[in-house]
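Geometric and topological summary
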Amino acid sequence: MAINLQKGQRESINSPKFTIGLGWDTNNSSTGTSFDLDASVFILGENKKILSDQHFIFYNNAKSPGGAVEHTGDNLTGEGAGDDEQIIVDLSKIDAQATEICVVVTIHEAESRRQNFGQVRNSFVRIFDSASNEVLLKYELEEDFSIETAVEFGRIYKRNNEWKFEAVGVGMKGGLQDYLNKYN
């Protein structure tokens with residue numbers, strides 16, 4: 001049975017191989033332009049910085065060194081039910097220096113399209129066992145991010161040799177470049 005998390009809640013991940021499913025619905029009628037939301041993952045070290053450029057996982061760099069984290073592809077519309085984008089994680093292959101996996105969703109060309117997360121609803125992040133498809137954790141973002149164009153949905157972090165998930169749900173006014181600046 002899945003654990004439904006509240007913002008800030010932390011839970012252990014008791015499966016070394018799992019998939020991160022991310023989903024959302026958009027209100028295209030508010031801007032007249034379709035939305036393209038993009039999931040990205042930053043694999044960080046103890047210093048909260050990206051281990052290398054190859055440890056920034058997104059639609060143009062789909063796989064981390066060693067294959068521990070893999071983005072399954074860019075969904076350009078977000079239409080339909082269920083996960084809009086997925087990231088497959090195998091912690092048995094993770095770089096020994098990795099202590100955190102940060103999961104961020106940004107709106108592609110948000111400024112020029114005049115879009116923000118206030119026009120996005122039903123956002124969620126879920127973690128499910130890759131073998132059994134059993135949902136382990138789910139976090140539904142309920143905040144109204146009226147000016148933010150990027151949101152950190154959650155983070156997976158290592159403490160005392162145990163991996164945990166934290167439901168973050170923090171928005172940022174700015175795009176992917178702001179997260180790159182933060183973690184480089």
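Placed above this text is the structure.
Here is a short report on the structure shown in this document. (Residues numbered from 1 in each chain as written. Predicted model: local features only at pLDDT ≥ 70, side-chain atom pairs only at ≥ 80, totals over all residues. Heavy atoms only, no water.)

1. Quick notes on the packing of aromatic side chains
For the coordinates displayed, the defined rule picks out six aromatic pairs. For the ring pair phenylalanine 58 and tyrosine 59, a centre distance of 5.4 Å and an interplane angle of 70° mean the geometry is edge-to-face. Taken together, the ring pairs connect Phe42, Phe56, Phe58, Tyr59, Tyr179 and Tyr183 into an aromatic cluster. Against the face of tyrosine 157 rests arginine 155, its NZ or CZ located 4.3 Å from the ring centre. (Phe/Tyr/Trp six-rings, centres within 6.5 Å; stacked < 30°, edge-to-face > 60°. Lys NZ or Arg CZ within 6 Å of the ring centre and 35° of its normal.)

2. A word on the sheet that holds strand 1 (residues 3–5)
Strand order in this open sheet of six strands is 1-10-9-3-7-6, and the pairing throughout is mixed. At either margin of the open sheet sits one strand with a lone partner, and together these are strand 1 and strand 6 (69–71). Here the average twist between neighbouring strands, direction ignored, is 15°. Judged from the three bridges that link them, strand 1 and strand 10 (residues 135–140) form a sheet pairing that is parallel. (Pairing = 2+ DSSP bridges. Helix = DSSP H or I, 4+ residues; strand = E, 2+ residues; numbered from the N terminus. Axes fitted to C-alpha atoms, helices over the stretch in contact; angles between N-to-C directions.)

3. Overview of the sheet that holds strand 5 (residues 56–57)
Consider a sheet: its strands pair through backbone hydrogen bonds, and that pairing is either parallel or antiparallel. Spatially, the six strands line up as an open sheet ordered 2-12-11-8-4-5, and their pairing is antiparallel. In this open sheet, the two edge strands, each paired with only one partner strand, are strand 2 (10–12) and strand 5. Pairing geometry for strand 11 (residues 150–159) and strand 12 (residues 162–172), over nine bridges, is antiparallel. Within strand 12, the residue paired with tyrosine 157 across the bridge is lysine 164. Sitting on the sheet, helix 2 (residues 176–183) is in contact with strand 4 (37–44), strand 5, strand 8 (100–107), strand 11 and strand 12, with an inclination near 5° to strand 4. (Contact = heavy atoms within 4.5 Å.)

4. Brief notes about the pairing of strand 3 (residues 17–26)
Summarising burial for strand 3: eight of the 10 residues are buried, a large majority. The pairing of strand 3 with strand 7 (residues 85–90) spans six bridges and is classified as antiparallel. The residue bridging isoleucine 20 from the neighbouring strand is isoleucine 87, located in strand 7. (Buried < 20%, exposed > 50% of the residue type's maximum accessible area, 1.4 Å probe, protein only.)

5. Description of the nonpolar core
With 39 residues, the main nonpolar core has Ile20, Leu22 and Phe165 as its most contacted residues. In terms of nonpolar packing, the next biggest core, distinct from the first, is built from 11 residues, Leu44, Ile50, Cys102 and Tyr179 among them. (Core = buried A, V, L, I, M, F, W, Y, C linked by side-chain atoms within 4.5 Å.)

6. So, the side chain of threonine 99
Along the chain, threonine 99 turns up in the loop between strand 7 and strand 8. Apart from the residues within four sequence positions on either side, threonine 99 is in contact with Leu44, Gly45, Glu46, Ile156, Tyr157, Lys158 and Trp163.

7. Focus: the pattern of salt bridges
Inspection of every chain in the model, using the stated rule, returns eight salt bridges. Between lysine 48 and glutamate 100 there is a salt bridge whose closest N-O contact spans 2.7 Å. You can see lysine 48 sitting in the loop between strand 4 and strand 5 and its partner glutamate 100 sitting in strand 8, a full 52 residues away along the chain. Among the ionic pairs, glutamate 70 bridges to lysine 63, the shortest N-O distance being 3.9 Å. Owing to a relative accessible area of 29%, glutamate 70 belongs among the partly exposed residues under this scheme. A cluster of three or more residues bridged by salt bridges with shared partners is formed by Arg10, Lys48, Glu100, Arg155 and Glu166. (Salt bridge = Lys/Arg side-chain N within 4 Å of Asp/Glu carboxyl O.)

8. Observations regarding the side chain of histidine 55
Looking at where histidine 55 falls in the secondary structure, it is placed in the loop between strand 4 and strand 5. Under the relative-accessibility criterion, histidine 55 is labelled buried at 6%. In contact with histidine 55, other than residues within four places in its own chain, are Val41, Phe42, Ile43, Ile50, Pro65 and Asp95.

9. Here's the deal with helix 2
Taken together, the buried positions of helix 2 are occupied by Tyr179, Leu180 and Tyr183. Around the axis of helix 2, the buried residues are gathered within 100° of arc, so they sit on the same side. If you follow the buried residues of helix 2, they end up packed against strand 4, strand 5, strand 8, strand 11 and strand 12. (Arc of directions from axis to C-beta.)

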